[in-house]
Every structure is written in structure tokens, then in C-alpha cells.
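Secondary and tertiary structure notes
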Amino acid sequence: MSTHASDPLAALGSLPGVAEAVDSVRKAVDRVYGHRVMRRRSNEISSEAALRGARGSAALSGADWALEEVRRRTDFSVDAEARTVGAALRLGAEAGQLLSIWRQSPLRVLARLHLVAAGDAGVLGGTGPGDTVGRPRLDGESVDEPLIDGPVPTPAEVAGRLDGLAELIVAGSEAPALVAAAVIHGELLALRPFTSYNGLVARAAERIALVGSGLDPKAICPAEVGHAEQGRAAYLAAFEGYLSGTPDGMGAWIAHCGRSVELGVRESTAVCEALQRGAA
């Protein structure tokens, strides 16, 4: 059995509010998986969850488009907002393809996520030279992240902490899936390891962790929807808790991520109900 020394994530399960958040998420996920529409049309629910999750993630990164606009548009290269939405959509489509290597090579997956997010924008969009795409930033390279302000860790610190995060993912943990996914999300936001699209990559990594853990194997519980619904101010306030490293702050961040999953569940439940009525 793992100890907290060898499994540091396990200790986070006892933080204030975390056990309640984990239990609430588990019950919500079980309910939507038990919906009778899921027995016949789960692929449609998964596709819609990916679309709505991408919209939510893009909204947090400054491109708050209506869902129908995201659904309608085909050109995502005309301006910065369009490139952000396009990046979020590409990440949503790519995430499921990376599940098989996430636990073996998480740093490779993160590099791939950034490469997919950047697309041509790494060269054409003015976010930096093409050779900054798909690798952690180096000394002297700036970070373009519209949501998270403040000093960024040095490249040397980023490298060390990314290695530590990768070791935790590869080793696995007895911590609940919500706890592990929230830490992965928060740590990537804190590090901002790439020159661009860090928020989108962090939220995509959270999704991969939730799906790969078995909590949400069909990817129908888009936490990104809930993060966006709770709003940027609440997201940043919870993230400040993560940065503080205090028990209350960490617990509040994990609980915020849990509430986001529950709101994603509510969104997919509504889609199930619409399909059942023949309205979607």
C-alpha cells in the first residue's frame, strides 16, 4: 500500500472539502452514465461534450463565443480569438488519441498538446517563432497567456517541476481521479511551461487525466464547461488557492475543479434529455 511519502497526492484527499467534492463528483458521473440515452448514443454525447468543452476552455482564454458560432464556423485563422477557438477544438479532438501514452510519457503528451494547439499560429499568429512550439520555453522567451498574470517560473524551475509532475503521473496514485486531475491542471497553469496556449493545454491535460483514470472513460463530463460557467474571477480566485500551497487553498482549488466536473455533467445530462425528446 502506498504511503503519503511515496504517494504525495494521496495526502491531498484529506484536505478540507476534498472528500465531499470527490463523493459529489462520483455520484454525478454515475448518474449521467446511467442515463438511458447513454446506452445507445454515447458517441454523440462524447462529441457534443468535446465541442462544448472546447468552447468553455476558449472562453476562459478570452474567446467567449456562443456555442452555435463555434459549431458554425470553419475558418479559425482570421484573428486571435478565432485562433484560440480553433486551438481549443483541435485539443478536444486530439486528447482522446493520447490516452494510451499519457501514463507512460506525459511530457511527450504535453509537447504534442502544445504543438496541436499552436498549429500554424505558432508561426503566423505572432505568438513566437516556430521553433518555440512543442517544447518548454527557454531563457529570454516570453509567455503569452491572456488569463494568468504575474511572474512566471524560470525555465530551470519549470524543467524540474515538470519532471516531478511526470514522475507522479507515471508512478500512479491512490488519490481520487479528481485530486490528481486538479493538481495536473493547477501545476501546468502555475508553470506556464510553453510560450503560448498554456491555459488550453492545462485544461486539456485535466481532461485526459479524468478520462484516463476511468472516472469518465467516455469523455462526457467536460470540466471546461464548468470552469467557464463559474467564471474567470472564480477560476482565478481558486487558482490563487493552488498557488498558496496552503491546505485550505489547495482544498478550495480541488473543490472548484470538482464543481466544474459536476457542471459538465449537468451539461451532458441536458444533451441526453434533448436527444431523448428528439430536440437535438
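Located above this text is the structure these notes cover.
Basis of the calculations
Counting restarts for each chain, with residues numbered from 1 along the sequence as it is written. Note on the predicted model: pLDDT of at least 70 is required for a residue's local features to be given, and 80 or more for side-chain atom pairs to be given and counted; whole-chain, interface and lining totals, by contrast, use all residues. Side-chain measures were taken over the full set of non-hydrogen atoms in the model, leaving aside hydrogen atoms and water. By the criteria applied, helices consist of DSSP H or I runs no shorter than four residues and strands consist of E runs no shorter than two, each listed in order from the N terminus. Atoms counted for the radius of gyration: C-alpha only. Globule rule: 2.2 Å times residue count to the power 0.38. Only protein chains enter the accessibility calculation, which uses a 1.4 Å probe. A residue is then buried if its area is under 20% of the maximum for its type, exposed if over 50%, and partly exposed in between. Using only the protein atoms, space was sampled on a 1 Å grid; points where a 1.4 Å probe fits but cannot get out form cavities, open sets with protein on both sides within 12 Å along at least five of seven lines form pockets, and lining residues are those with an atom within 4 Å of a point. Grid points are joined across faces, edges and corners, and a volume is the space filled by probe spheres set on the points. Residue type decides the class: Asp, Glu, Lys and Arg count as charged, Ala, Val, Leu, Ile, Met, Phe, Trp, Tyr, Cys and Pro as nonpolar, and the leftover types, Gly among them, as polar. Note on disulfides: each one is a pair of cysteine sulfur atoms within 2.5 Å. We count a salt bridge whenever a side-chain nitrogen from Lys or Arg sits within 4 Å of a carboxyl oxygen from Asp or Glu.

A look at the overall build of the protein
- Along the backbone of the protein there are 14 helices and 0 strands.
- In the protein, the order of α-helices and β-strands from amino to carboxyl end is α-α-α-α-α-α-α-α-α-α-α-α-α-α.
- Taken against the 2.2 N^0.38 rule, which gives 19 Å for 280 residues, the C-alpha radius of gyration of the protein at 18 Å falls within 12% of a compact globule.
- By its C-alpha atoms, the protein is 55 × 50 × 35 Å across when sized along the principal axes.
- Counting every position in the protein, which comprises 280 residues, the buried fraction comes to 50%.

Looking at the layout of surface pockets
- The volume enclosed by the largest pocket comes to roughly 320 Å³.
- Lining the largest pocket are 18 residues; nearest its centre among them are Arg 103, Gly 172, Ser 173, Ala 180 and Ser 213.
- If you list the elements that add at least two residues to the lining of the largest pocket, you get helix 9 (155–171), helix 10 (177–191) and helix 11 (198–212).
- In terms of residue count, helix 10 provides more of the lining of the largest pocket than any other element does, 4 residues in total.
- Of the residues assigned to the lining of the largest pocket, the class counts are 13 nonpolar, 4 polar and 1 charged.

Details of empty space enclosed by the protein
- Inspection of every chain in the model, using the stated rule, returns 2 cavities of 30 Å³ or more.
- Within this model, the largest cavity holds a volume of roughly 100 Å³.
- Ala 54, Ala 88, Leu 91, Gly 92 and Glu 224 are, among the 13 residues lining the largest cavity, the residues nearest its centre.
- Elements supplying a minimum of two residues to the lining of the largest cavity: helix 3 (38–60), helix 5 (80–95) and helix 11.
- Of the residues that constitute the lining of the largest cavity, the class distribution is 7 nonpolar, 3 polar and 3 charged.
- Approximately 40 Å³ is the volume attributed to the second largest cavity.
- Per-element accounting of the lining of the second largest cavity gives the leading share, 4 residues, to helix 11.
- Split by residue class, the lining of the second largest cavity holds 5 nonpolar, no polar and 4 charged.

Things to note about the state of the cysteines
- Under the defined criterion, the tally for this structure stands at 0 disulfides.
- Between Cys 272, a free cysteine, and Cys 221, which holds the nearest cysteine sulfur, the sulfur-to-sulfur gap is 9.6 Å.
- Judged by its relative accessible area of 0%, Cys 272 falls in the buried class.

Some points on the pattern of salt bridges
- The tally for this structure, following the rule as stated, stands at 16 salt bridges.
- Taking the shortest distance from any N to any O, the salt bridge between Arg 161 and Glu 157 comes out at 2.8 Å. With Arg 161 and Glu 157 both in helix 9, this residue pair falls 4 residues apart, about one helical turn.
- For Arg 161, a relative accessible area of 29% translates into the label partly exposed.
- The partner of Glu 224 in a salt bridge is Arg 207, with the nearest N and O atoms 3.2 Å apart. Separated by 17 residues along the polypeptide, Glu 224 in helix 12 (residues 223–230) and Arg 207 in helix 11 bring together distant segments of the chain. Just as Glu 224 is buried, Arg 207 falls in that class too.
- Counted as one network, the salt bridges with shared partners bring together Glu 48, Arg 52, Glu 68, Arg 71 and Glu 267.

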